[in-house]
Amino acid sequence: MADDDVLVEMLDVAADRLAAYAYLLTGSQSAAEELVQAAVVKVFSRTRGLGSVPQAEQYVRRTIRTMHVDEIRREVTWRRLLPGQARLEWEPDEQDATADRDAVVKALAQLPRQKRTAVVMRFYDDMSYAEIARAMRVSLGTVKRYLSDAITLLGEQFDVPAERVAVSERRRR
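Residues numbered from 1 in each chain as written. Predicted model: local features only at pLDDT ≥ 70, side-chain atom pairs only at ≥ 80, totals over all residues. Heavy atoms only, no water.

A.B. asks: Before we go on, may I ask you to explain the overall build of the protein chain in this structure?
C.D. replies: Tallying secondary structure elements over the protein chain gives seven helices and zero strands in all. Across the protein chain, helices and strands are ordered from the amino to the carboxyl terminus as α-α-α-α-α-α-α. Buried residues in the protein chain amount to 27% of all 173 residues. Only carbon and sulfur atoms are counted for the fraction: they give 51% of the accessible area of the protein chain, which is about 12600 Å². (Helix = DSSP H or I, 4+ residues; strand = E, 2+ residues; numbered from the N terminus. Buried < 20%, exposed > 50% of the residue type's maximum accessible area, 1.4 Å probe, protein only. Areas by Shrake-Rupley, 256 points an atom, 1.4 Å probe, with all protein chains shown as cover.)

A.B. asks: Just to check I follow, could you spell out helix H7 (residues 140-157) for this structure?
C.D. replies: Turn by turn, an α-helix covers 3.6 residues, leaving residues three or four places apart pointing in a common direction. The first and last C-alpha atoms of H7 sit 26 Å apart over 18 residues, in line with the 26 Å expected at 1.5 Å per residue. Buried within H7 are the following residues: Val-143, Tyr-146, Leu-147, Ala-150, Ile-151, Leu-154 and Gly-155. With its buried residues spanning 160 degrees around the axis, H7 presents them on a single face. Packing partners of the buried residues in H7 comprise helix H4 (94-109), helix H5 (113-124) and helix H6 (129-136). Residue Asp-159 follows H7 closely and has a positive phi angle near 55 degrees. (Expected span 1.5 Å × (residues − 1). Arc of directions from axis to C-beta. Contact = heavy atoms within 4.5 Å.)

A.B. asks: Looking at this structure, I do not really get the pattern of salt bridges. What am I missing?
C.D. replies: Side-chain pairs of opposite charge can arise whenever the charged atoms involved come near each other. Evaluation of the coordinates by the stated rule reveals six salt bridges. As a salt-bridge pair, Glu-71 and Arg-74 come within 3.2 Å of each other at their nearest N and O atoms. Here Glu-71 pairs with Arg-74, and both are found in helix H3 (residues 53-85), just three residues apart, close to one helical turn. Among the ionic pairs, Asp-149 bridges to Lys-115, the shortest N-O distance being 3.4 Å. Placement of Asp-149 in helix H7 and of Lys-115 in helix H5 is noted, with a sequence separation of 34 residues between them. (Salt bridge = Lys/Arg side-chain N within 4 Å of Asp/Glu carboxyl O.)

A.B. asks: Can you walk me through the environment of Ala-14 in this structure?
C.D. replies: On the secondary structure map, Ala-14 appears in helix H1 (residues 3-26). On the basis of relative accessible area, Ala-14 is assigned to the buried category, the value being 0%.

A.B. asks: Looking at this structure, I do not really get the nonpolar core. What am I missing?
C.D. replies: Note on soluble globular proteins: their nonpolar side chains tend to be buried together. In this structure, Met-10, Leu-18, Phe-44, Val-60 and Ile-64 are the most contacted members of the largest nonpolar core, which totals 19 residues. Elements supplying a minimum of two residues to this core: H1, helix H2 (29-46) and H3. Broken down by element, the residue count for this core peaks at seven residues, all from H2. Not counting residues up to four positions away in its chain, the partners in contact with Ile-64 are Leu-18, Tyr-21, Ala-22, Leu-25, Leu-35, Val-36 and Ala-39. (Core = buried A, V, L, I, M, F, W, Y, C linked by side-chain atoms within 4.5 Å.)

A.B. asks: I keep staring at unusual backbone geometry and nothing clicks. Help me out?
C.D. replies: The phi angle of most residues is negative, glycine excepted, and most peptide bonds adopt the trans form. Even without a glycine there, the phi angle at Asp-126 is positive, about 55 degrees. With respect to the helices and strands, Asp-126 occurs in the loop between H5 and H6. The class of Asp-126 is partly exposed, set by a relative accessible area of 34%. Here the phi dihedral of Arg-137 falls at roughly 60 degrees; this positive angle occurs in a residue that is not glycine. The residue Arg-137 is located in the loop between H6 and H7 in this model.

Okay, here's the thing in structure tokens:
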């Protein structure tokens, strides 16, 4: 049987199975169709002497699988290399940075004095809970309460859900 005859008969008999197989691999109808088309072109433009339709179908199926795995590998490699290759297309806007600083200062000003002091010592001075407790002359539990309350209040100011805000001890490096 000539290669052209094998191709026509294989597409008549197995096109749906090949498309379903490619769909299972890709999860996308359009990607599956493109993958099947690319595999059929690759197989029949290079391979000669496919003796039977089942043999051709198996060869195209293996090619679909190989091409799909190769695409995944290329994508993984590209994602790994892209951050080092991409250029920053935007430059930080100084007005936005100033507005952000002003918003933080305004939010801190609305906190009670003890809570504001604890937040500044913790996040700007990078002091531990124990260091803050000694500096403020309060217990460790009081410092944790101040920080928890302050972070909750700041989260409300900046529309950050409370469950995302956590107060935890940082490890020193």
